[in-house]
Amino acid sequence: GESVGLHLPTLSVQEGDNSIINCAYSNSASDYFIWYKQESGKGPQFIIDIRSNMDKRQGQRVTVLLNKTVKHLSLQIAATQPGDSAVYFCAEEGTSGTYKYIFGTGTRLKVLA
Amino acid sequence: EADIYQTPRYLVIGTGKKITLECSQTMGHDKMYWYQQDPGMELHLIHYSYGVNSTEKGDLSSESTVSRIRTEHFPLTLESARPSHTSQYLCASGTVETQYFGPGTRLLVL
């Protein structure tokens, strides 16, 4: 069978707890960042984005934090639900205005009942 | 749910065959992208387009070509498939910032 997931870091979280998924990016000049969720057998789905002139942005049950000093991005999911189980990717726009995105290595989130 | 479609969803083909992966979107987006993704791995950009008659190569060296004759259509062609092309191919289209992905085509080259 497929070796899906063997290369991915995995985060296991109890249902109802908060999840924090981390991402390090490489280009200090990157201006725009996106978090995607990818469920098995599907394409990535946009969750939330943030520009470099912000350090925090909130959506519905999700918050993205940006620390430009250490080139670190995190996605916080409040009250994690079974439907949140998926692989999460961060992406940065490599060069501003090119609309070309560099994807990081994903993190598999497993929600435990 | 974004209106972006990919066909076929699954394809098994022999070495040396020519194949075309189809991608269509009904949102009128100018920007379209092709990514390659191995199971459990990150996405790698192989081609992108800013609009009709615009095509650019991405960061991953690829023996594929694309065309953009119509806004809604962005097909990817492999002239001669090889086992190393076995992967998942994801098409996306986008506005100024947000990208919407299709469901992907899983390709197996024997």
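Refer to the structure presented above.
Please read all numbers here as calculations on a predicted model, not as lab measurements. (Residues numbered from 1 in each chain as written. Chains lettered and ligands numbered in written order. Predicted model: local features only at pLDDT ≥ 70, side-chain atom pairs only at ≥ 80, totals over all residues. Heavy atoms only, no water.)

Let's talk about the overall build of chain A
Okay, so step 1: Helix and strand content of chain A: zero helices and 10 strands.
Okay, so step 2: Reading the secondary structure of chain A in the N-to-C direction produces β-β-β-β-β-β-β-β-β-β.
Okay, so step 3: The C-alpha radius of gyration computed for chain A amounts to 14 Å, which stays within 12% of the reference 13 Å derived for 113 residues, consistent with globular compactness.
Okay, so step 4: Projected onto the principal axes, the alpha-carbon positions of chain A cover approximately 40 × 30 × 20 Å.
Okay, so step 5: Roughly 5,700 Å² of accessible area belongs to chain A as shown, and the carbon and sulfur atoms make up 47% of that amount.
Okay, so step 6: For chain A, the distance from the average position of its 11 positive side-chain charges to the average position of its 10 negative side-chain charges is 2 Å. (Helix = DSSP H or I, 4+ residues; strand = E, 2+ residues; numbered from the N terminus. Rg over C-alpha atoms; globule rule 2.2 N^0.38 Å. Areas by Shrake-Rupley, 256 points an atom, 1.4 Å probe, with all protein chains shown as cover. Lys, Arg positive; Asp, Glu negative; His and termini not counted. Charge placed at Lys NZ, Arg CZ, Asp CG, Glu CD.)

Some remarks on the pattern of salt bridges
Residues and elements named next belong to chain A.
Okay, so step 1: If you walk through the whole model with that rule in mind, you get seven salt bridges over all chains.
Okay, so step 2: The residue R51 makes a salt bridge to D31 at a minimum N-O spacing of 2.6 Å. You can see R51 sitting in strand β4 (residues 45-51) and its partner D31 sitting in the loop between β2 (19-24) and β3 (32-38), a full 20 residues away along the chain.
Okay, so step 3: For D49, the salt bridge goes to R57, with nearest N and O atoms at 2.1 Å.
Okay, so step 4: Here D49 falls in the buried class, since its relative accessible area comes to 8%.
Okay, so step 5: Judged by relative accessible area, R57 falls into the partly exposed class, the value being 35%. (Salt bridge = Lys/Arg side-chain N within 4 Å of Asp/Glu carboxyl O. Buried < 20%, exposed > 50% of the residue type's maximum accessible area, 1.4 Å probe, protein only.)

Details of the interface of chain B and chain A
Okay, so step 1: Across the boundary between the two partners, chain B contributes 24 residues, which contact 24 residues of chain A.
Okay, so step 2: Buried surface at the junction of chain B and chain A, both sides included, amounts to about 2,000 Å², of which 53% is carbon and sulfur.
Okay, so step 3: Linking chain B with chain A are zero salt bridges, by the criterion used here.
Okay, so step 4: The interface formed by chain B and chain A holds two residue pairs in polar contact (both at pLDDT 80 or more) in total.
Okay, so step 5: Sorting the residues of the side of chain B that touches chain A by element identifies β4 (31-37), β5 (43-51), β9 (87-94) and β10 (99-101) of chain B as the ones contributing at least two each.
Okay, so step 6: For the side of chain B that touches chain A, the per-class residue count stands at 12 nonpolar, six polar and six charged. (Contact = heavy atoms within 4.5 Å. Buried area = accessible area lost by both parts, 1.4 Å probe. Polar contact = N/O pair within 3.5 Å; in protein donor to acceptor, adjacent residues only side chain to side chain. Nonpolar A, V, L, I, M, F, W, Y, C, P; charged D, E, K, R; others polar.)

Description of the sheet that holds strand β1 (residues 4-7) of chain B
All names here are of chain B.
Okay, so step 1: Read from one edge of the open sheet, four strands run β1-β3-β8-β7, paired in antiparallel fashion. Where the open sheet ends on each side, the last strands, each with one partner, are β1 and β7 (64-66). Within the sheet, the average angular offset between the axes of one strand and its neighbour, ignoring direction, is 15°.
Okay, so step 2: Taken together, the three bridges between β7 and strand β8 (residues 76-78) define a ladder with antiparallel strand orientation. The residue of β8 that forms the bridge with T65 is T77. (Pairing = 2+ DSSP bridges. Axes fitted to C-alpha atoms, helices over the stretch in contact; angles between N-to-C directions.)

Let's talk about empty space enclosed by the protein
Okay, so step 1: By the definition in use, this model includes one cavity of 30 Å³ or more.
Okay, so step 2: The computed volume of the largest cavity comes to approximately 30 Å³.
Okay, so step 3: Lining the largest cavity we find G41(A), R9(B), Y10(B), Q88(B), P103(B), G104(B) and R106(B).
Okay, so step 4: Across the lining of the largest cavity, the residue classes break down as two nonpolar, three polar and two charged. (1 Å grid on protein atoms, 1.4 Å probe; cavity = no way out; pocket = protein on both sides within 12 Å on 5 of 7 lines; lining within 4 Å. Points joined across faces, edges and corners; volume = space filled by probe spheres on them.)

Considerations on the state of the cysteines
One way to say it: the disulfide is the covalent bond shared by the sulfur atoms of two cysteines.
Okay, so step 1: Enumeration according to the criterion identifies two disulfides over all chains in this entry.
Okay, so step 2: The side chain of C23(A) participates in a disulfide bridge whose partner is C90(A); the two sulfur atoms lie 1.6 Å from each other. You can see C23(A) sitting in strand β2 and its partner C90(A) sitting in strand β8 (residues 86-93), a full 67 residues away along the chain. For the pair C23(A) and C90(A), a shared accessibility class is recorded, and that class is buried.
Okay, so step 3: A disulfide bridge connects C23(B) with C91(B), and the sulfur atoms are separated by 1.9 Å. In this structure, the disulfide formed by C23(B) and C91(B) twists by about -75° around the S-S bond and is classed as left-handed. Residue C23(B) is located in strand β3 (residues 19-25), and its partner C91(B) is located in strand β9; the two are separated by 68 residues in the primary sequence.
Okay, so step 4: Classification of C23(B) by relative accessible area gives buried; the value is 0%. (Disulfide = S-S within 2.5 Å.)

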